[in-house]
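# Architecture and fold: a report
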Amino acid sequence: QVQLVESGGGLVQDGESLRLSCAASGNVVNIYNTDWYRQAPGKERELLAAITSGGTASYADSVKGRCTISRASDKRTVYLFMNNLTPEDPSFYSCHADYRDSDTELRNVWGQGTQVTVSV
């Protein structure tokens, strides 16, 4: 019933910026922590940034100063901005959220992810 959909991936030029969105749809009553992850082929998934329902953001040490995470006023969409992309940056980005639906049970959901390719 509830799903997350990432958008904004694609081809990015070396040194340019990434802008992604993560939109929640379905029977969402309350959305809590929402996280952005990235992963390189053959590597472990890496947490990039997280934001609470109240808008408090946190970032991984590896991307501090490069990333900004924000939440739309309707609480259903979370954005990720990351500057100075290089080919060495992991290419697969996905979002994850904790939420409650109409059943009031705490649940979590992953988006399908989006691929970002940095071209030199």
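Before reading further, recall that the structure is shown in the block above.
Residues numbered from 1 in each chain as written. Predicted model: local features only at pLDDT ≥ 70, side-chain atom pairs only at ≥ 80, totals over all residues. Heavy atoms only, no water.

### Structural notes on empty space enclosed by the protein
One way to see where empty space is left: roll a probe the size of a water molecule over the atoms. A complete count under the given rule lists one cavity of 30 Å³ or more for this structure. What the largest cavity holds in volume is close to 40 Å³. Taken together, Leu4, Cys22, Ala24, Ile31, Thr34, Arg71, Lys75, Arg76, Thr77, Val78 and Ala97 make up the lining of the largest cavity. Only strand S3 (18–25), strand S4 (30–39) and strand S8 (77–82) provide two or more residues apiece to the lining of the largest cavity. Among the residues forming the lining of the largest cavity, the class breakdown is six nonpolar, two polar and three charged. (1 Å grid on protein atoms, 1.4 Å probe; cavity = no way out; pocket = protein on both sides within 12 Å on 5 of 7 lines; lining within 4 Å. Points joined across faces, edges and corners; volume = space filled by probe spheres on them. Helix = DSSP H or I, 4+ residues; strand = E, 2+ residues; numbered from the N terminus. Nonpolar A, V, L, I, M, F, W, Y, C, P; charged D, E, K, R; others polar.)

### So, unusual backbone geometry
When glycine is set aside, most residues are seen to have a negative phi, and most peptide bonds are trans. Positive phi, normally seen in glycine, also occurs at asparagine 84, with a value near 55°. The residue asparagine 84 is located in the loop between S8 and strand S9 (92–100) in this model. A positive phi angle is found at threonine 104, which is not glycine, with a value near 70°. With respect to the helices, strands and loops of the structure, threonine 104 is situated in the loop between S9 and strand S10 (106–110). For threonine 104, a relative accessible area of 55% puts it in the exposed group. (Buried < 20%, exposed > 50% of the residue type's maximum accessible area, 1.4 Å probe, protein only.)

None of the figures reported here should be taken as evidence of function without further support.
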